[in-house]
Amino acid sequence: MNPVLVASLIIGGLSGVLSALIVLVDSLVNNYGEVNIDINNGKKQLKVNGGAPLLITLSEQGIFIPSACGGRGSCGACKVKVLSDIGPILPTEAPLLDTEEIKQNIRLSCQVKVKSDISIEIPEELFIAKKFEGVVESIKNLTYDIKEVKIKLIEPPEVEFKAGQYMQLVIPPYEKINEYTQRAYSISSSPSQKSYVEFLIRLVPGGIATTYVHNYLKENDKIELVGPFGEFYMRDTDADMICVAGGSGLAPIKSIVTDMYERNITHRNVWLFFGARSLKDLYYVDFFKDMEKKWDRFHFIPALSEPQPEDNWEGEVGLITDVLDKYFKAKMDQNTSKEGYLCGSPGMINACIKVMTTNGIPEDKIYYDKFA
Amino acid sequence: MKMTEELKKAAENMKPGVITAEGFLGEDERTLADIIESDEEKVRVLNINFYEDLKKIKYLLEKGKEAFDEPVTVDNKWLIKVDEARGHLPCPFEDGIFRKVNLRIRNLKNNEEILLSELSIHLIEKHHFFQGKGSKFRVDPEKLKKVLEE
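Residues numbered from 1 in each chain as written. Chains lettered and ligands numbered in written order. Predicted model: local features only at pLDDT ≥ 70, side-chain atom pairs only at ≥ 80, totals over all residues. Heavy atoms only, no water.

Asker: Help me out: how do you make sense of empty space enclosed by the protein in this one?
Answerer: Overall, the coordinates contain four cavities of 30 Å³ or more when judged by the stated rule. Taken as a whole, the largest cavity holds about 610 Å³ of empty space. Lining the largest cavity are 43 residues, and of these A:Val204, A:Thr210, B:Ala85, B:Arg86 and B:Lys100 lie nearest its centre. Elements supplying a minimum of two residues to the lining of the largest cavity: strand 9 (181–186), strand 10 (196–202) and helix 4 (208–215) of chain A together with strand 2 (78–90) and strand 3 (97–107) of chain B. Counting residues per element, the lining of the largest cavity draws most heavily on strand 2 of chain B, at five residues. (1 Å grid on protein atoms, 1.4 Å probe; cavity = no way out; pocket = protein on both sides within 12 Å on 5 of 7 lines; lining within 4 Å. Points joined across faces, edges and corners; volume = space filled by probe spheres on them. Helix = DSSP H or I, 4+ residues; strand = E, 2+ residues; numbered from the N terminus.)

Below you can see the structure in the form of structure tokens.
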């Protein structure tokens, strides 16, 4: 027999044996059999095949834990309390867990694998989060780097959410990106509009999701969403609401303000400060000015940090924190109780918290979402 | 420069979609070791004061952060734009996790512009990795010198 053919047959045979061996070892090593997940002390019991990360396992059972990074272990949003012993904190978890969280057995559900029976605690509201199929109804440029994306829901056809909450967009593979991922964006539309949701998405250079939305997503495209999630929403009090937004952080504030107006919650004073550099960075100005005309206790204060000569700007000038401080001292009623609502970059939020606490708002009355 | 196991692992992490949308290597077909060595040589030839430049970059980053994600003019010499996004990015060399913070620096005199991130600053400082040719966050030493000149 031809020696080349013999060699080929031998190599082929060995490859087949090795492949079968790999499959066999994999099935043995990673086969944890059926395991039980107890959620919230028996409220829900799941029997699942072990081996996968907890985040994925739960999502396959219709329970969706927030994950702004799609399970890569970079956002720290998927924290759950694990009541069972599942081993030490992993190196991939440690940077995103503080000492108190470690003490309380908080773990990243995208990093821990379900290898045996496990008990966990999750916020009750996560039981209502769902996966939605939708279609892009419209995409509008609000500024040179912010798009408004409106998505009509198809299945389920409606969503219930609190104004201020967020959903996760499922980003499909594209170009060199070869796997699905998810990113979180605040809903900018009102909860009264149950059959669609709207987002404001600012392009982040190099960002997987924002690059997709800005450069590849088209009207009539199908898209999946997961949610709703989040604890940034109007608290039911009579305190004045001092809202500060930057960039796409206007999204949840727009939802909250619109919802309040629609529900006739107009007895509260609401101040909305919106910071930008120059006129080309502002958007929705007419919308909020119209709201001022309809709602005498609503005050919209846009401020530019570096207005350009061509802007012919006659409004407030300066960093939004400086404008906020000025209004606290000179224009707001000093005798009313107040709450803070912040959405923007971590730097803006941290700076605004300082201004607010200095002006008498307790830190536990300042609510924020460190990104839209 | 030899492709060590550490560099091989880092190169795998630099592929598109692993950490960022477009990865760290762009269209560069050289090995990671060769990319690093080549840029180290370029820094020497250009007589770039490596640590002074990094210090200046960090100064500009802090100034940009003070503008809360809006563009800002710094020292009447640079237009700075910092973007902070939700989440973190791990270093492909697996030695740190960094907030998603991008820094765009434009020199107002010569109009040269460069895009960095907190992660890419770390990559330059600790690993002398300026990213591959064609990468969105590629920091060409020659361009960096022009952007930072006063």
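Here the narrative resumes, following the displayed structure.
Asker: How do you make sense of the pairing of strand 3 of chain B when you look at a structure like this?
Answerer: Sheet faces and side chains relate simply in a regular strand, where the side chains alternate between the two faces. Residue and element names in this part refer to chain B. Two elements, strand 2 and strand 3, share eleven bridges in a ladder whose sense is antiparallel. Bridge pairing in strand 3 links aspartate 83 to asparagine 102. What sits between the antiparallel neighbours strand 2 and strand 3 is a turn of six residues, in which glutamate 94 has the positive phi angle 60°. With five bridges joining them, strand 3 and strand 4 (residues 113–117) adopt antiparallel strand pairing. Looking at strand 4, one finds that isoleucine 105 is bridged to isoleucine 114. Linking strand 3 back to strand 4 in an antiparallel pair, the connection comprises five residues, with asparagine 111 at a positive phi of about 65°. (Pairing = 2+ DSSP bridges.)

Asker: Explanation requested: the packing of aromatic side chains in the structure shown.
Answerer: Residues and elements named next belong to chain A. In total, this model carries 18 aromatic pairs over all chains according to the counting rule given. Centre to centre, the rings of phenylalanine 273 and tyrosine 327 are 5.3 Å apart; their planes meet at 85°, and the pair counts as edge-to-face. Of this pair, phenylalanine 273 sits in strand 13 (residues 270–276) while tyrosine 327 sits in helix 7 (residues 320–330), placing them 54 residues apart in sequence. Assigned by exposure class, phenylalanine 273 and tyrosine 327 land together as buried. One aromatic cluster is present, formed by Tyr261, Phe274, Tyr283, Tyr284, Phe287, Phe288, Trp295, Phe298 and Phe300 through successive ring pairs. Cation over ring: lysine 280 sits above tyrosine 144, and NZ or CZ is 4.7 Å from the ring centre. The ring centre of tyrosine 327 lies 5.4 Å from the NZ or CZ of lysine 331, which sits over that ring. (Phe/Tyr/Trp six-rings, centres within 6.5 Å; stacked < 30°, edge-to-face > 60°. Buried < 20%, exposed > 50% of the residue type's maximum accessible area, 1.4 Å probe, protein only. Lys NZ or Arg CZ within 6 Å of the ring centre and 35° of its normal.)

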